There are 2 protein chains.
Amino acid sequence: MTVLVVGSVALDSVETPFGKVEDALGGAGTFFSASASHFTPVRLVGVVGSDYPVDRLQVLAERGVDLAGVERAEGESFRWRGRYRHDLNTAETLETRLGVFSHFRPKIPAHFRQTPYVFLANIDPRLQLDVLQQVEQPKLVAADTMNFWIESRRSDLLQLLKHVNILLLNDAEARQLTEHANLVRAARWIMERGPQHVVIKKGEHGAFMFTPDSIFFAPAYPLEDVFDPTGAGDAFAGGFIGYLAKTGKLDDAHLRRAVVYGSTMGSFAVERFSIDRLLEIERRDIARRLDAFGRLVAFEAELPEPV
Amino acid sequence: MTVLVVGSVALDSVETPFGKVEDALGGAGTFFSASASHFTPVRLVGVVGSDYPVDRLQVLAERGVDLAGVERAEGESFRWRGRYRHDLNTAETLETRLGVFSHFRPKIPAHFRQTPYVFLANIDPRLQLDVLQQVEQPKLVAADTMNFWIESRRSDLLQLLKHVNILLLNDAEARQLTEHANLVRAARWIMERGPQHVVIKKGEHGAFMFTPDSIFFAPAYPLEDVFDPTGAGDAFAGGFIGYLAKTGKLDDAHLRRAVVYGSTMGSFAVERFSIDRLLEIERRDIARRLDAFGRLVAFEAELPEPV
């Protein structure tokens with residue numbers, strides 16, 4: 001089944017210990033689409049400025065991403081400039097220019113409105129709610145958010161949660177939103193406010209998925225060369241939702257596998273700048289890494305005899 | 001098979017958001033012994049001051065820990081006072097009084113010298129080397145260390161590595177020792193200097209075990225109530241080495257299971273102050289948590305059809 005994603009389409013300038021890139025394809029909508037398109041057709045809604053190199057988005061169209069919802073507005077594109085130090089764990093934002101994104105008002109094209117799977121990437125919760133007004137009874141709604149909205153749009157965010165099946169957010173955001181340091185408690189707090197499932201992403205430390213009666217954990221894949229962590233969380237979301245949409249199933253086994261596909265896609269995203277690696281990989285690469293994830297955590301339980 | 005552990009036997013005063021305790025049984029040797037004794041007989045070598053409530057160590061003796069190597073010296077016992085804030089991730093050391101521990105010179109009793117499994121808890125690498133002079137061809141030597149020794153006793157530590165089969169250390173220590181931010185590279189650096197296996201503990205983020213041709217990861221168990229993280233790493237080591245000693249096997253399957261037993265024992269240690277929970281649990285509690293670990297990471301790989 002098809003996935004609709006509403007999120008930023010940006011230009012990233014990134015410096016890591018291994019190199020730098022200027023005005024590369026970036027933004028949550030872009031990373032999500034590049035990732036999810038390995039599993040299922042994607043419909044992207046976003047906005048770019050009059051300076052955006054839209055021809056470069058054709059690589060997404062070629063992968064089955066319908067770009068009819070990418071509006072072109074008069075003005076500058078959303079640009080993010082960041083740097084990662086040696087440990088690659090935290091991005092240092094050097095500059096954020098929202099440009100046309102600051103006036104973004106998502107308009108869902110008519111032929112997108114019946115998309116069964118909806119991912120609301122990190123944008124103003126008021127806009128996320130507005131998108132839900134425009135779509136027709138989706139089978140599944142997933143959403144991401146960030147510290148800025150948790151602080152400035154708390155009541156809208158709580159309103160949104162009532163309409164969201166799966167909330168994806170990182171550990172710091174979960175703690176900030178719920179005021180629980182303990183992630184098990186934080187997840188329960190969220191599930192009491194709407195979502196049936198909560199995915200808490202911990203970057204290089206992996207991801208938890210909480211459901212009312214189980215917890216699943218997938219590590220981040222221990223890569224020897226992490227090149228650029230930008231977009232890993234959105235690539236995760238793309239693999240996670242893309243796989244769920246592909247199968248149309250939401251039972252525990254499929255949700256668990258979806259988390260591992262999310263981790264898999266996140267692990268590819270960080271191997272090169274921008275969406276480069278996500279465009280390059282093929283089905284067999286994904287299969288191989290999924291296998292490697294299996295080996296990474298596999299053990300056979302067997303209790304020893306008493307002492 | 002029996003395990004010999006050489007390490008601190010201390011008195012801990014700890015404050016967490018959930019309570020406080022004064023002069024509780026603590027120290028790496030103590031936590032390790034309480035944990036490993038669930039799997040195999042343990043021989044403990046350490047030193048306590050003339051003020052130490054040695055009768056309180058009887059709980060260990062009752063669990064099969066031979067205390068013949070716990071020397072009583074004139075002077076004050078090793079005392080640590082620490083506090084954990086709301087997030088429980090980092091201990092704030094309020095006071096460290098080494099007391100008799102600062103002159104500790106491990107003497108391995110004659111009937112301990114042929115112990116097949118040796119765990120050198122975090123002490124001066126010169127003393128760790130000295131212990132290895134006193135034991136007779138152990139089957140397996142594992143060691144821990146800390147930032148202080150990495151900085152002040154680097155060459156001794158590198159000398160020690162040549163004689164160690166398994167090094168256990170935390171992620172910050174691995175990065176400090178190897179000057180690699182990337183843990184895969186850090187582990188390889190260590191394995192090139194002696195150990196066949198490296199276990200990198202990441203606290204609440206789980207633990208990696210690296211071998212020359214595989215990587216295994218076990219998460220920390222997501223507990224709703226973490227009461228006091230003190231000793232979790234040593235309880236981990238106790239479960240890990242204790243299980244290996246119990247089975248006498250060192251193949252990949254046993255090593256993986258040992259890591260999960262390590263995580264299991266670490267997860268119990270943090271549920272109460274001091275070694276209280278480690279003394280309380282029974283075989284069925286361990287079996288139940290091992291099962292829970294299995295469910296936490298279990299997924300079935302299955303690649304979806306192409307889009």
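Residues numbered from 1 in each chain as written. Chains lettered and ligands numbered in written order. Predicted model: local features only at pLDDT ≥ 70, side-chain atom pairs only at ≥ 80, totals over all residues. Heavy atoms only, no water.

1. A short note on the overall build of chain A
Next up, step 1: On a plain count of helices and strands, chain A comes out with eleven helices and 13 strands.
Next up, step 2: For chain A, the C-alpha radius of gyration of 19 Å lies close to 19 Å, the compact-globule estimate for 307 residues.
Next up, step 3: Here the C-alpha coordinates of chain A stretch approximately 75 × 40 × 35 Å along the principal axes.
Next up, step 4: Out of the 307 residues in chain A, the part that is buried amounts to 60%.
Next up, step 5: Excluding contacts between residues fewer than 6 apart, the proportion of contacts in chain A whose partners are at least 24 apart in sequence is 64%.
Next up, step 6: For chain A, the exposed surface amounts to about 12,000 Å²; the carbon and sulfur share of it is 48%. (Helix = DSSP H or I, 4+ residues; strand = E, 2+ residues; numbered from the N terminus. Rg over C-alpha atoms; globule rule 2.2 N^0.38 Å. Buried < 20%, exposed > 50% of the residue type's maximum accessible area, 1.4 Å probe, protein only. Contact = heavy atoms within 4.5 Å. Areas by Shrake-Rupley, 256 points an atom, 1.4 Å probe, with all protein chains shown as cover.)

2. Considering the packing of helix α6 (residues 171–178) of chain B against helix α7 (residues 183–191) of chain B
Residues and elements named next belong to chain B.
Next up, step 1: Put simply, α6 and α7 touch, their axes get as near as 9 Å, and they point 60° apart. Between α6 and α7 lies a crossing of left-handed hand. Contact residues: α6 offers Asp171, Ala174, Arg175, Leu177 and Thr178, while α7 offers Leu183, Ala186, Trp189 and Ile190.
Next up, step 2: Across the contact of α6 with α7, the residue classes tally to six nonpolar, one polar and two charged. (Axes fitted to C-alpha atoms, helices over the stretch in contact; angles between N-to-C directions. Left-handed = near helix turned anticlockwise from the far one by under 90°. Nonpolar A, V, L, I, M, F, W, Y, C, P; charged D, E, K, R; others polar.)

3. Concerning the pairing of strand β2 (residues 10–16) of chain A
Residues and elements named next belong to chain A.
Next up, step 1: Within β2, six of the seven residues are buried, which leaves it mostly tucked inside the rest of the structure.
Next up, step 2: Strand direction decides the pairing type here: β2 and strand β3 (residues 19–26), joined by six bridges, are antiparallel. Residue pairing across strands places Glu15 opposite Lys20, the latter belonging to β3.
Next up, step 3: Hairpin remark: β2 followed by β3, antiparallel, with two residues in the connecting loop. (Pairing = 2+ DSSP bridges.)

4. Points about the confidence of the model for chain A
Next up, step 1: Chain-level pLDDT for chain A is 95 on average; 98% of the residues reach the 70-or-more range.
Next up, step 2: Two numbers describe this predicted complex: its pTM, 0.94, and its ipTM, 0.91. (pLDDT = per-residue confidence, 0-100.)

5. Regarding the relation of the copies chain A and chain B
Next up, step 1: Of the transformation placing chain A onto chain B, the axial shift is 0.0 Å and the rotation is 180°, giving an RMSD of 0.0 Å. The symmetry that links the two subunits is that of a two-fold axis. Considering only C-alpha atoms, the residue of chain A closest to the rotation axis is A:His205, which sits at 3.0 Å.
Next up, step 2: Counting the interface residues of chain A, we find that 100% of their copies in chain B are interface residues as well, pointing to one common contact surface. (Least-squares fit on C-alpha atoms with pLDDT ≥ 70 in both.)

6. Comments concerning the interface of chain A and chain B
Next up, step 1: Taken together, the 50 residues of chain A in the interface contact 50 residues of chain B.
Next up, step 2: Both faces combined, the contact of chain A with chain B buries some 4,600 Å², and carbon together with sulfur accounts for 56% of it.
Next up, step 3: Applying the counting rule to chain A against chain B returns six salt bridges.
Next up, step 4: A salt bridge links A:Glu224 to B:Arg188; its shortest N-O distance comes to 2.6 Å.
Next up, step 5: Linking chain A to chain B there are 20 residue pairs in polar contact (both at pLDDT 80 or more).
Next up, step 6: Taken together, the elements giving at least two residues each to the side of chain A that touches chain B come down to α7 (183–191), β13 (214–218), α8 (232–247), α9 (252–269) and α11 (283–297) of chain A.
Next up, step 7: With nine residues, the top contributor of residues to the side of chain A that touches chain B is α11(A).
Next up, step 8: Classifying every residue of the side of chain A that touches chain B gives 27 nonpolar, seven polar and 16 charged. (Buried area = accessible area lost by both parts, 1.4 Å probe. Salt bridge = Lys/Arg side-chain N within 4 Å of Asp/Glu carboxyl O. Polar contact = N/O pair within 3.5 Å; in protein donor to acceptor, adjacent residues only side chain to side chain.)

7. Structural notes on helix α1 (residues 28–36) of chain B
Next up, step 1: Within α1(B), nine of the nine residues are buried, leaving the element largely enclosed by the surrounding structure.
Next up, step 2: Of the residues making up α1(B), those classed as buried are B:Ala28, B:Gly29, B:Thr30, B:Phe31, B:Phe32, B:Ser33, B:Ala34, B:Ser35 and B:Ala36.

8. With respect to the environment of B:Phe236
Residues and elements named next belong to chain B.
Next up, step 1: Of note, Phe236 is situated in helix α8 (residues 232–247).
Next up, step 2: Measuring from C-alpha to C-alpha, the distance between Phe236 and Glu282 comes to 16 Å, with 46 residues separating the pair along the chain.
Next up, step 3: Apart from the residues lying within four places of it in its own chain, the contact partners of Phe236 are Leu168, Val199, Lys201, Ala207, Val259, Gly262, Ser263 and Gly266.

9. A word on the nonpolar core
Next up, step 1: A:Phe240, B:Phe240 and B:Leu278 are the most contacted members of the largest nonpolar core, which has 199 residues in total.
Next up, step 2: Apart from residues no more than four positions distant in its own chain, B:Leu278 is found in contact with B:Phe31, B:Ala34, B:Ser35, B:His38, B:Ala235, B:Met265, B:Phe268 and B:Ala269. (Core = buried A, V, L, I, M, F, W, Y, C linked by side-chain atoms within 4.5 Å.)

10. Let's talk about the sheet that holds strand β4 (residues 42–49) of chain B
Next up, step 1: Read from one edge of the open sheet, nine strands run β5-β4-β1-β8-β9-β10-β11-β12-β13 (chain B), paired in mixed fashion. The open sheet has two edge strands, β5 (65–73) and β13 (214–218) of chain B, and neither has a second partner. Strand-to-strand twist in this sheet, taken as the mean axis angle between neighbours without regard to direction, amounts to 15°.
Next up, step 2: In this sheet, strand β10 (residues 166–170) of chain B lies alongside strand β9 (residues 140–144) of chain B in parallel orientation, the contact comprising three bridges. Residue pairing across strands places B:Ala143 opposite B:Leu167, the latter belonging to β10(B).
Next up, step 3: Relative to β13(B), α11(A) is tilted by about 65°, and along the sheet it contacts β12 (207–211) and β13 of chain B.

11. Section: the sheet that holds strand β12 (residues 207–211) of chain A
Residues and elements named next belong to chain A.
Next up, step 1: With mixed pairing, the nine strands of this open sheet are ordered in space as β5-β4-β1-β8-β9-β10-β11-β12-β13. Single-partner strands in this sheet number two, and they are β5 (65–73) and β13. Recorded for the sheet is a direction-independent mean angle of 15° between the axes of neighbouring strands.
Next up, step 2: For strand β11 (residues 197–201) and β12, the ladder comprises four bridges, and the chain directions are antiparallel. Bridged to Val199 within β12 is Met209.

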